[in-house]
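Observations on the three-dimensional arrangement
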Amino acid sequence: MDILTHIISGVAASSVVAASTKSKIPAPRILAVGALGGAFPDIDAISLWSKFDSTIGKWFGLTHTGKEIYFGKFWYSHHGFFHSIAAAIMIGFLLGCLAYLYHWLQWQRQRDPFTRFFKTNSTLYLIFVLGCLAHVAGDLITPASVWGGVRLFCPHAGYAGGQGSVWWWNNYDIFLIIATGTLLNILLIVVAKHIRFRTGVISFLVALLILAGVWRQAAARQTDYAYTGHTGQYQQLEQKSRKEQQRILGPKLYRIMERFDNWLIINF
Ligand SMILES: [Zn+2]
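Being a predicted model, the structure only gives us computed values, none of them experimental.

This brings us to the overall build of the protein chain. Along the backbone of the protein chain there are 10 helices and zero strands. Along the protein chain, from the amino end to the carboxyl end, the secondary structure elements read α-α-α-α-α-α-α-α-α-α. The C-alpha radius of gyration computed for the protein chain amounts to 20 Å, which stays within 12% of the reference 18 Å derived for 268 residues, consistent with globular compactness. For the protein chain, the spread of C-alpha atoms along the three principal axes comes to 60 × 50 × 35 Å. In the protein chain, which comprises 268 residues, the share counted as buried stands at 46%. Taking contacts inside the protein chain between residues at least 6 apart in sequence as the whole, the part at least 24 apart equals 68%. Taken as a whole, the protein chain presents about 15200 Å² of accessible surface, with 66% of it coming from carbon and sulfur. Positive and negative side-chain charges of the protein chain, numbering 24 and 13 respectively, have mean locations separated by a distance of 13 Å.

Here it is in structure tokens:
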């Protein structure tokens, strides 16, 4: 799925936590960590970077080209380890250690012990993990392609998902559902500062509505996007996914989303 939908999924997950938590961590920081978690698993797409072979590939003495790695089944290939539950937990912990190192260098006299620092920031850790998992959930419903899904339970060698309910891009309807729900939750957090009411339950209900909406839209696609390996039908499927969006959104909203898509430099 596209990176923007992944990021907004991470923000959506974090908005529920931001509305429910009693932690003193500011909401914008919680939402930013959610966005980071939502984007993070696609770090494995770095092997497609044009300078990958002459930099990272050379430094690590890799015998395969970046393109071979990206479309391969190495643990560091796309949809490999970085798209797993284990990676979300481990990388989250690693980032937590780096944040502590920063805290340690910054506050020479008032340093917190490592355990207390982790306890106070456990909400951010949880949100990073949730953001990563929201990303992986989005990828589970894309085509299997050369990987056969995502390596969700790494180090287990099996790949999960890959049923191709949705196309890689052009899932404007799904993006709009997640973005609307997220905005609603953010609005709740802002309003709750002025009027006292339980935002946690409402934000959780909004999250359930988002999930139900995404589920419904993915299940109601009229095209079967499933394929394994490389498909010769790539362009046709891409066109079909655009036509499908036109049908779902109607010509007016579709045109707005298409303009937004053309304006972006990334695949959306
Ligand atoms: Zn991904």
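Past the structure itself, the notes keep going.
In this section: the environment of alanine 88. Along the chain, the position of alanine 88 falls in helix α5 (residues 85–106). Classification of alanine 88 by relative accessible area gives buried; the value is 1%. Spatially, the C-alpha atoms of alanine 88 and phenylalanine 128 are 7.4 Å apart, while their sequence positions differ by 40 residues. In contact with alanine 88, other than residues within four places in its own chain, are Phe128, Val129, Cys132 and Leu133.

So, on to the coordination of the zinc ion. Bound to the zinc ion on the protein side are Asp42 (OD), His83 (NE2), His135 (NE2) and Asp139 (OD), at distances that span 2.0 to 2.2 Å. Taken together, the four donor atoms coordinating the zinc ion and their angles of 90 to 170° define a geometry best described as irregular. Along the chain, the residues that donate to the zinc ion are spaced as D-x40-H-x51-H-x3-D. Highlighted residues: histidine 83 in the loop between α4 (66–70) and α5 and histidine 135 in helix α7 (residues 122–140), separated in sequence by 52 residues.

To continue, consider the layout of surface pockets. Estimated volume of the largest pocket: approximately 660 Å³. In this structure, the largest pocket is lined by 23 residues; those nearest its centre are Ser9, Ala134, Ala137, Ile210 and Leu211. Elements that contribute at least two residues to the lining of the largest pocket include exactly α1 (3–20), α7, α8 (172–192) and α9 (199–219). Per-class residue counts for the lining of the largest pocket are 20 nonpolar, three polar and no charged.

Turning to α9, a few remarks are in order. An α-helical turn contains 3.6 residues, so a residue and the one three or four places further along point in the same direction. Helix length check: α9, at 21 residues, gives a terminal C-alpha distance of 30 Å against a target of 30 Å (1.5 Å per residue), a fit within 8%. Considered for burial, the residues of α9 that qualify are Thr199, Ser203, Val206, Ala207, Ile210, Gly213, Val214, Gln217 and Ala218. Looking down the long axis of α9, one finds its buried residues gathered within 125° of arc, a one-sided arrangement. Relative to its buried face, α9 has exposed residues pointing more than 90 degrees away, namely Leu209, Leu211, Trp215, Arg216 and Ala219. As for α9, its buried residues are in contact with α1, α8 and α10 (234–263).

Applying the stated criterion across every chain, the model contains five salt bridges. Of the charged contacts, one joins aspartate 112 and arginine 116 as a salt bridge, the two residues approaching to 3.3 Å between their closest N and O atoms. Here arginine 242 makes a salt bridge to aspartate 261, at a shortest N to O gap of 3.9 Å. We classify aspartate 261 as buried; its relative accessible area is 8%. Residues joined by salt bridges that share partners form a network here, namely Glu238, Arg242 and Asp261.

All right, on to helix α2 (residues 27–39) then. With 13 residues, α2 should reach 18 Å at 1.5 Å per residue; the first-to-last C-alpha distance of 19 Å fits that figure. On the buried face of α2, the contacting elements are α1, α7 and α8.

The next point concerns the environment of isoleucine 265. Along the polypeptide, isoleucine 265 turns up in the segment after α10. Taking the relative accessible area as the measure of exposure, isoleucine 265 reaches 88% and is therefore exposed. In this structure the C-alpha to C-alpha distance between isoleucine 265 and aspartate 112, which are 153 residues apart in sequence, comes to 43 Å.

Before going further, it helps to spend a moment on unusual backbone geometry. Trans peptide bonds make up the majority, and among non-glycine residues the majority have a negative phi. Going from cysteine 154 to proline 155, the amide bond is cis rather than trans, its omega being 15°. Tracing the backbone shows proline 155 in the loop between α7 and α8. In the Ramachandran plot, serine 145 falls in the positive-phi region, its phi being about 50° despite a non-glycine side chain. The topology assignment puts serine 145 in the loop between α7 and α8. Overall, the relative accessible area of 7% leaves serine 145 in the buried class.

Definitions and cut-offs
- Each chain has its residues counted from 1, following the order in which its sequence is written.
- For this predicted model, a pLDDT threshold of at least 70 governs which residues receive local features, and a threshold of 80 or more governs which side-chain atom pairs are given and counted, while totals over whole chains, interfaces and linings are taken from all residues.
- Water and hydrogen atoms were dropped before computing side-chain values, which therefore reflect all heavy atoms in the structure.
- Secondary structure is summarised from DSSP: a helix means a run of H or I of at least four residues, a strand means a run of E of at least two, and numbering begins at the N terminus for each.
- We take the radius of gyration over the C-alpha atoms and set the globule estimate at 2.2 Å times the residue count to the 0.38 power.
- Relative accessibility decides the category of a residue: with a 1.4 Å probe and only protein chains considered, values under 20% of the type maximum give buried, values over 50% give exposed, and everything between is partly exposed.
- Here, residues are in contact when the closest pair of their heavy atoms is within 4.5 Å.
- Computed with the Shrake-Rupley method and a 1.4 Å probe, the accessible areas treat only the protein chains shown as cover for residues.
- Here the positive residues are Lys and Arg and the negative ones are Asp and Glu; neither His nor the chain ends is included.
- A single reference atom marks each charge: NZ on Lys, CZ on Arg, CG on Asp, CD on Glu.
- Each metal's donors are the N, O and S atoms found within 2.8 Å of it, except that Na, K and Ca use a 3.2 Å limit; water is left out, so coordination can look incomplete.
- A four-donor site is called tetrahedral if each angle lies between 85 and 135 degrees; a four-donor site is square planar, and a six-donor site octahedral, when trans pairs exceed 155 degrees and the remaining angles lie between 65 and 115; all other cases are labelled irregular.
- In this analysis, the protein atoms alone were mapped onto a 1 Å grid. Cavities are point sets where a 1.4 Å probe fits without being able to get out; pockets are open sets with protein on both sides within 12 Å along at least five of seven lines; lining residues have an atom within 4 Å of a point.
- Grid points are joined across faces, edges and corners, and a volume is the space filled by probe spheres set on the points.
- In this classification, the charged set is Asp, Glu, Lys and Arg, the nonpolar set is Ala, Val, Leu, Ile, Met, Phe, Trp, Tyr, Cys and Pro, and all remaining amino acids, among them Gly, are polar.
- Multiply 1.5 Å by the residue count of a helix minus one, and that product is the helix's expected span.
- Throughout, the arc means the angular range of directions from the helix axis out to the C-beta atoms.
- Note on definitions: salt bridges are taken to be side-chain nitrogens of Lys or Arg within 4 Å of carboxyl oxygens of Asp or Glu.

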